[in-house]
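A closer look at the structure
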Amino acid sequence: MLEFVKCETDHKLRRTAEMASDIWHECFEGVISDEQIDYMVDNYQSFAAIKKQVGSENYEYYNFVLDGTRIGYFAIAPQNDGTLFLSKLYMYKEYRGNGYASKAFEFIKDIARQRGLKSIWLTVNRHNYGAMKVYEAFGMKVIREQVTDIGNGFVMDDYVYSIDV
């Protein structure tokens, strides 16, 4: 059985950070450099970064738990403009393609609806074709392109996707 478990303790957040490091190296190998993956994990997915996001930036982290095994995670952040930012949605490679991301997306849409939010949006690397295919299958559409300087000589070269809920 697949469950989505909210991470509300340091222990769960720390385990999510450990999982994030492994999954990001799987997901982004060949898309961005190993140096950028390491930099982004350290700055955005380390325990300290996740703890700060949850504590002061209105983020919520959830783990995908399949029959007691953590297989992935996602993070959401309601925005002041009435939208929901889907910041992360990642699973270990061996669990992809089984419909779990679709179930998570339905769960996320339910959260947005329950909170009276009008849409969900996210950013995806313009060379992450697998992720783009998944988001397009969810009915999401590209609404713009953006390049964000994240420091240390790195940029995030993204499409912004959105869907009304």
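Above: the structure in question.
Residues numbered from 1 in each chain as written. Predicted model: local features only at pLDDT ≥ 70, side-chain atom pairs only at ≥ 80, totals over all residues. Heavy atoms only, no water.

Re the state of the cysteines
Enumeration according to the criterion identifies zero disulfides in this entry. The structure places no disulfide on Cys7, whose sulfur is separated from the nearest cysteine sulfur, that of Cys27, by 17 Å. (Disulfide = S-S within 2.5 Å.)

Some words on the layout of surface pockets
If you add up the space inside the largest pocket, you get close to 1,000 Å³. For the largest pocket, the lining is made up of 44 residues, of which Phe28, Lys88, Leu89, Tyr90 and Tyr135 are closest to its centre. The element best represented in the lining of the largest pocket is strand β4 (residues 83–91), accounting for seven residues. For the lining of the largest pocket, the per-class residue count stands at 25 nonpolar, 13 polar and six charged. (1 Å grid on protein atoms, 1.4 Å probe; cavity = no way out; pocket = protein on both sides within 12 Å on 5 of 7 lines; lining within 4 Å. Points joined across faces, edges and corners; volume = space filled by probe spheres on them. Helix = DSSP H or I, 4+ residues; strand = E, 2+ residues; numbered from the N terminus. Nonpolar A, V, L, I, M, F, W, Y, C, P; charged D, E, K, R; others polar.)

Observations concerning the packing of aromatic side chains
What the rule picks out here adds up to 18 aromatic pairs. Judged by centre distance (4.9 Å) and plane angle (35°), the ring pair of Phe4 and Phe107 falls under tilted. Taken together, the residues Phe4 in strand β1 (residues 2–6) and Phe107 in helix α4 (residues 100–114) connect sequence positions 103 residues apart. Taking 6.2 Å as the distance between ring centres and 15° as the angle between the ring planes, the aromatic pair formed by Tyr61 and Tyr73 counts as stacked. Of this pair, Tyr61 sits in strand β2 (residues 60–66) while Tyr73 sits in strand β3 (residues 69–78), and the two are twelve residues apart along the sequence. Accessibility expressed as a relative area gives 0% for Tyr73, which makes it buried. (Phe/Tyr/Trp six-rings, centres within 6.5 Å; stacked < 30°, edge-to-face > 60°. Buried < 20%, exposed > 50% of the residue type's maximum accessible area, 1.4 Å probe, protein only.)

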